[in-house]
Amino acid sequence: MTKLPAADLQLPLFAYSQRESLTEKRAWIALQEHHQYSARHFRLERLFAADPRRGETLIAEAAGIYLDYSKNLVTTETMTLLMQLARQCGLQDRVEAMFRGDRINATEQRAVLHTALRKPASERLVVEGEDVIAQVQDVLARMEVFAEQVRSGAWTGHTGRPIRHVVNIGIGGSDLGPMMAHEALRHYSQRDLSLHFLSDVDAAALLETVRGLPAEETLFIVCSKTFTTLETMTNAQAARQWLVQQLGDEAAVVRHFVGVTTNIEEASRFGIDERNMFGFWDWVGGRYSMSSAIGLSTMIAIGPQHFRDMLAGMHAMDEHFRTAPLEQNLPAILGMLTVWYGNFFDARSQAVLPYSQYLKRLPAYLQQLTMESNGKQVTLHGEPVDYQTSPVYWGDNGINGQHSFYQMLHQGTQMVPCDFIGFCQPAQALEQQQELLMANMFAQAEALAFGKTVQRVREEGTPEELVPHRVFPGNRPSNSMLIEQLTPYSLGSLIALYEHSVFTQGVIWNIDSFDQWGVELGKQLAKRTARELIDHGQPLHHDSSTNALIRRYRACQGGTVASDPSK
Ligand SMILES: O=P(O)(O)OC[C@H]1O[C@](O)(CO)[C@@H](O)[C@@H]1O
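Just so we're clear, the structure is a prediction, and the values are computed from it rather than from any experiment.

**Q** Account for the confidence of the model for the protein, with residues named and values stated.
**A** When pLDDT is averaged along the protein, the result is 95; 97% of the residues meet or exceed 70. Counting contacts from residues 1–11, a segment whose pLDDT is below 50, to residues more than four positions away or on other chains yields 12 contacts. Scoring the predicted complex yields pTM 0.96 and, for the interface, ipTM 0.98.

In structure tokens, the structure reads:
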């Protein structure tokens, strides 16, 4: 990418930052009053009783997703105030700036253009003199050729065998998106190709991944935006060694390793042929990269057309976000509800509960998307925020969660807003199982919202001493998202919905949702500590706890302490 001239560097840094503090904005103050005098006393059963059509009106729909947000502690007045806040924070201008390619990632001086990755080929987007759509389409076309070669068996390994196993080596955004998409779209995957994901630098991860894999039929995709991430580089080197050892020839590397990166130089140094590299750009953030070449493993698994369908779903949601009025705008509604609960009800976490076996990795994916984006403590100006930013996102497959942590959702002491995600048609059908699955999703949202009163518990003949234990307070908010079927298109649209909800939140909080400086310190310390763990003679200058842990580790390694009698 073209570099900005040094003189320009200062200008855009704060261009999108709001000078006025969030908590001084008129809509914020109005929301505080609304919360204080009305909303904190809202009871969902009363809101529903007062408006019999509430469940049909507090809804929004776009790009195949029907969002019912009626089971939230809001009225139309709340939503009006929330959208006023969004407007006063300049959400729509910021959306335009993002789509236009302005350098809204201020602290890294980068544009944020994951939306360009899914624009149709017929469009043009010229950013700083370059048509980024043409660049994107060029890489997509190369990915398609390669993916088809692998899928058809035309791409052969060093010994002439077709590829049957694909190992994606990457971490964070270079792992979670492709892994989540692989799980989500398994039923679209080519059956005679198996996909594996290697991220953890624990040697067990690599050894368990390659155990039983025939090297001559295995392809490694090294995914790293920077091509310097220690875990990924370590795993890539170890995988390379394994392959060379198995096939007995250094020359094998070129047929069994491809790279996805913005750092061509480093990837070449590793031994990847430039023709087998798939690039992307610094304007694609790691956690926003599953629609870039980072999705190569997804494309190999589901095929180019289905990959394009996923991009189309994302694009449909992108366009909805860009053009729909805020009141009907799904990402804006989701994002502002998160602000509502975090900043006015002091909710500290948000649960994501898909009722689909295929979406079991969605919560893990969303954790990086949401928390790496919005887990920030200073504004774009570098001033400390005086309000809460990202909640903790967590969750699991909804049905499994019911038999584990839902107890706390129903009767615990914290408010945890929930996102339920379900499908009208199953991806795989067995008689009545779909009905059972979805009945549970609807029932859980209903139980959370309306609970069970003391009176009803008594009417059921519950012994008096058990009554308090069997009461459900209700009034626990949730969104329900209903989608026709889990397809590449609907997955794309769902992911883009969350991406833009995260963006909406970040705009309100006036933070940079696209940097991740918070991951650096641990990386630096780990490098130094790794040297100390390898060389036991190195003096230790940490705090007393870290020093003691390292000494214990060294002693354990040296066999001078042992605490496990079974060893
Ligand atoms: O793709 P890379 O450069 O290897 O980075 C992997 C991940 O590491 C992080 O930088 C965090 O350490 C993420 O933001 C990113 O997705």
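More follows now that the structure is in view.
**Q** So, the site of the ligand: which residues are in play, and what are the values?
**A** The ligand sits among 14 residues. The nearest are Ser174, Ser224, Thr226, Thr229 and Glu372. Within the backbone of glycine 173, a nitrogen or oxygen atom sits 2.8 Å from an oxygen atom of the ligand. Lysine 523 places a polar side-chain atom, nitrogen or oxygen, 3.0 Å from an oxygen atom of the ligand. For the ligand, the protein covers 88% of the area, taking 390 Å² as the surface of the free molecule. Looking at the shell around the ligand residue by residue, the class counts come to two nonpolar, nine polar and three charged.

**Q** Account for the pattern of salt bridges, naming residues and giving values.
**A** Opposite charge on two side chains permits them to pair, given that their charged atoms come into close proximity. Applying the stated rule across the entire model yields 32 salt bridges. Here arginine 348 and aspartate 346 are joined by a salt bridge, their closest N and O atoms 2.8 Å apart. Linked by salt bridges that have partners in common, Glu96, Glu319 and Arg322 make up one network.

**Q** Now, about the packing of aromatic side chains: what can you tell me, with residues and values included?
**A** The tally for this structure, following the rule as stated, stands at 19 aromatic pairs. Ring centres of tryptophan 281 and tryptophan 283 lie 4.9 Å apart, and the angle between their planes is 5°; on these two criteria the pair is classed as stacked. The same class applies to tryptophan 281 and to tryptophan 283, which are both buried. On the numbers, 6.0 Å between centres and 40° between planes, the contact of phenylalanine 503 with phenylalanine 514 is tilted. Placement of the pair is phenylalanine 503 in helix H21 (residues 488–509) and phenylalanine 514 in the loop between H21 and helix H22 (520–534), with a sequence separation of 11 residues. You'll find phenylalanine 503 and phenylalanine 514 in the same group, each marked buried. By way of ring pairs, the aromatic residues Trp28, Trp340, Tyr341, Phe344, Phe345 and Tyr387 are connected into one cluster. Above the plane of the ring of phenylalanine 270 lies arginine 240, whose end atom (NZ or CZ) is 5.5 Å from the centre. Here the guanidinium or amino end of arginine 255 rests over the ring plane of tryptophan 155, the centre of that ring lying 3.9 Å away.

**Q** A description of helix H18 (residues 433–450) should follow, citing residues and the corresponding values.
**A** With 18 residues, H18 ought to run about 26 Å at 1.5 Å a step, and its terminal C-alpha atoms sit 26 Å apart, in line with that. Turning to H18, its buried residues number three or more, namely Gln434, Met438, Met441, Gln444, Ala445, Leu448 and Ala449. All buried residues of H18 fall inside an arc of 130° around its axis, so they share one side. Of the exposed residues in H18, those oriented more than 90 degrees away from the buried face are Glu435 and Leu436. Buried residues along H18 sit in contact with helix H2 (44–50), helix H16 (398–402), helix H17 (406–411), strand S12 (418–425) and strand S13 (478–485).

**Q** I'd like a description of the pairing of strand S7 (residues 218–223), backed by residues and values.
**A** Across the six residues of S7, six count as buried, placing the element largely inside the fold. As defined by bridge partners, strand S5 (residues 165–169) adjoins S7 across five bridges and the pair is classed as parallel. Its bridge partner being in S7, valine 167 is matched across the sheet by phenylalanine 220. Both S7 and strand S8 (residues 257–261) contribute to a ladder of four bridges, which runs parallel. Note on S8: the bridge partner recorded for isoleucine 221 is valine 258.

**Q** Provide a residue-level description of the environment of histidine 542, including the pertinent values.
**A** Examined against the element boundaries, histidine 542 turns out to sit in the loop between H22 and helix H23 (544–557). In this structure histidine 542 comes out as buried when scored by relative accessible area, which is 17%. The contact partners of histidine 542, leaving out residues within four places of it in the chain, are Arg528, Thr529, Glu532, Asn547 and Ile550. One polar contact links histidine 542 to arginine 528, side chain to side chain, over a distance of 3.2 Å.

**Q** Let's hear about the pairing of S5: which residues, and what values?
**A** Buried residues dominate S5, accounting for five of its five residues. Of the two faces of S5, both are covered, the one formed by His165, Val167 and Ile169 as well as the one formed by Val166 and Asn168. Here S5 pairs with strand S6 (residues 194–198) via five bridges, running parallel. Of the residues in S6, the one forming a bridge with isoleucine 169 is leucine 198. With helix H7 (residues 176–184) bridging S5 and its parallel neighbour S6, the resulting β-α-β unit is right-handed.

**Q** For the sheet that holds strand S1 (residues 59–62), give the residues involved together with the corresponding values.
**A** In spatial order, the strands read S1-S2-S13-S12-S10-S11; together these six strands make up an open sheet with mixed pairing. Edge strands, defined here as strands with exactly one partner in the open sheet, are S1 and strand S11 (392–395). The mean angle between the axes of side-by-side strands here comes to 20°, regardless of whether they run parallel or antiparallel. Of the strands in this sheet, S12 and S13 are in contact with H18, which crosses S12 at around 150°.

Rules used in this analysis
Residues numbered from 1 in each chain as written. Predicted model: local features only at pLDDT ≥ 70, side-chain atom pairs only at ≥ 80, totals over all residues. Heavy atoms only, no water. pLDDT = per-residue confidence, 0-100. Contact = heavy atoms within 4.5 Å. Near = heavy atom within 4 Å. Polar contact = N/O pair within 3.5 Å; in protein donor to acceptor, adjacent residues only side chain to side chain. Areas by Shrake-Rupley, 256 points an atom, 1.4 Å probe, with all protein chains shown as cover. Nonpolar A, V, L, I, M, F, W, Y, C, P; charged D, E, K, R; others polar. Salt bridge = Lys/Arg side-chain N within 4 Å of Asp/Glu carboxyl O. Phe/Tyr/Trp six-rings, centres within 6.5 Å; stacked < 30°, edge-to-face > 60°. Buried < 20%, exposed > 50% of the residue type's maximum accessible area, 1.4 Å probe, protein only. Helix = DSSP H or I, 4+ residues; strand = E, 2+ residues; numbered from the N terminus. Lys NZ or Arg CZ within 6 Å of the ring centre and 35° of its normal. Expected span 1.5 Å × (residues − 1). Arc of directions from axis to C-beta. Pairing = 2+ DSSP bridges. Right-handed = clockwise from strand over helix to strand, strands pointing away. Axes fitted to C-alpha atoms, helices over the stretch in contact; angles between N-to-C directions.

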